[in-house]
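# Working through the structure, step by step
Here is how the chains run, residue by residue.
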Amino acid sequence: MFDLKKYRKKSPWILHYNAGSCNGCDIEILASLAPKYDLERFGVLNTGNPKQSDVFLVTGPVTFRSRERLVELYTQMPSPKVVIAVGSCTCSGGVFRDMYNVEDGIDNYIPVDVYVPGCASSPELIIDGVVKALEILEQKSKEIELPKKLFGTIKEEEGVLNLREMALSVAQKSEQINAQKSEQNEN
Amino acid sequence: MFEIVLILIAPLVGGLMHGSQRVIRARMQNRQGPPLLQPFYDMYKLMDKRAFIVHPYHTILGILHFLTLWLVVALIILGTNLLYVIFLHLLATVFIVLAGFSVKSVFSHLGANRELLSLLAYEPIFIFLATGFYLFFGTYDISVIRENSTAIMTLPLLFIAFLLTIPLKLKLSPFDACEAHQEIVGGVEVEYSGVYFEFLYMAKWLEYIFVFSLLTLFAGDSILFAIALVAVVFLVANIVDNSTARVNIQETVKFLLIWGFGLSILNIIGLSFV
Ligand code: SF4
């Protein structure tokens, strides 16, 4: 049978998001997309549009300001999709670990498929990471993956999934928690 | 029979052109670039993805845009009236503009706005093109234009004006402000995803066929000249795309309205003296 799955690997479109990094890794990502390292030879395209991309390249340790957008962008990407954490600070917090304004790595918020180490990680490592991620992408099913925090509800109406409220803002989340608490107090 | 086959494979030929354009652009930058069939791999991948629908009309307008463009290309291949073709192409653009305005996204609105402005810039030139052919051949019929010898010697300024619209139609630098991938995230196509984006992507391929088949009208009945014309213009368009930066939409419209419009009017006025 004509298997569409194997073409996932041949045309991964990338969305790049900076969740508060020092820009070191962003420059390396751009370098790997630029003519010298030429990621485009694998069919990679830097789209900048979450609705049309398959690979989510994130840099930065998730600052308080960026967490809503991170989750929002993640939920706007249609499955199947993979997430690559580029740089030590994205994997674990790196040099920013335990600072008052960061969340120590993106895997507190969204599931990560590939961790790329290095501060800053080199273009070779990033290309390696992308190629590894493509292997994972080929195996994935079309099931909807949920972020770990700040996710809302998915409703189904007449056989159509409504994903509109999938990502919550931090304010909504705390409202939700407060409502739960007051409910508990009443009981 | 031959025409029907041509019509059916038109999107595929457009896809090949898009693929070879990406390869040529990569080679010009001294890198390997994607494989030639990359647009088709993209197509299969998009078919395999989940699709988001903002609302049904938006999606339907996108599909209509593709179908109308296909009809335009079919009419050109069948050799019907040039004026019909140009106005039907206008309808295709109107569909995509309506789609752009029908969603809430700011980028989509910006893209639709720019699409309208660029319409303002190239549509007069297309109409003058049809007028020029009419004045020369006495008919709008594409089949008649194809049977006679080349008109390029009497319509040189119109030819140049038409060349100026090519980067705008194919969304190439310096006139790619209506798409502007990193700036307004693709403009009208921002809210499309999955298999529905595929229709817009294929519409882009058909746009190649549309532009280059209009270009071949200048070659008249000589097939060799037509092929040479397409090859040279394709290459030059890519060189220009690689070596220029994007100009903003106001500059684009101003440039085309002054130079494109001016040159075509000069040519039309000149024709009445011949
Ligand atoms: S890993 Fe290092 S270089 Fe990369 S973004 Fe974090 S702090 Fe900057």
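Residues numbered from 1 in each chain as written. Chains lettered and ligands numbered in written order. Predicted model: local features only at pLDDT ≥ 70, side-chain atom pairs only at ≥ 80, totals over all residues. Heavy atoms only, no water.

### Considerations on the domain arrangement of chain A
Residues and elements named next belong to chain A. Splitting chain A by domain gives domain 1 (5-139) and domain 2 (152-187). With centres defined by C-alpha atoms, the gap from domain 1 to domain 2 works out at 28 Å. With five residues of domain 1 at the contact, the number on the domain 2 side is six residues. Taking both partners together, domain 1 and domain 2 bury about 440 Å²; carbon and sulfur atoms supply 68% of that area. Contact with domain 2 buries area across many residues of domain 1, yet Arg67, Glu68 and Thr75 alone supply 79% of it, more than any other trio. Where domain 1 packs against domain 2, one counts zero salt bridges. In this structure, the connection of domain 1 to domain 2 is made through zero residue pairs in polar contact (both at pLDDT 80 or more). Here the residues of the side of domain 1 that touches domain 2 sort into one nonpolar, one polar and three charged. (Domains from an automatic or database assignment. Contact = heavy atoms within 4.5 Å. Buried area = accessible area lost by both parts, 1.4 Å probe. Salt bridge = Lys/Arg side-chain N within 4 Å of Asp/Glu carboxyl O. Polar contact = N/O pair within 3.5 Å; in protein donor to acceptor, adjacent residues only side chain to side chain. Nonpolar A, V, L, I, M, F, W, Y, C, P; charged D, E, K, R; others polar.)

### Describing the nonpolar core
Residues Leu82, Phe133, Phe162, Phe210, Phe212 and Leu214 of chain B are the most contacted members of the largest nonpolar core, which totals 87 residues. Membership of the second largest hydrophobic core comes to 20 residues, among which are Leu15, Val71, Ala85 and Tyr109 of chain A. (Core = buried A, V, L, I, M, F, W, Y, C linked by side-chain atoms within 4.5 Å. Buried < 20%, exposed > 50% of the residue type's maximum accessible area, 1.4 Å probe, protein only.)

### Topic: the side chain of Asn238 of chain B
Secondary-structure assignment places Asn238 of chain B in helix α9 (residues 223-243). Not counting residues within four places of it along the chain, the set of residues in contact with Asn238 of chain B comprises Gln21, Ile24 and Met28 of chain B. (Helix = DSSP H or I, 4+ residues; strand = E, 2+ residues; numbered from the N terminus.)

### Comments concerning helix α3 (residues 56-78) of chain B
Compared with the 33 Å implied by 1.5 Å per residue over 23 residues, the 33 Å span of α3 of chain B between its first and last C-alpha is a close match. Where α3 of chain B ends, the next residue or the one after it, Gly79 of chain B, has phi of about 75°, a positive value. (Expected span 1.5 Å × (residues − 1).)

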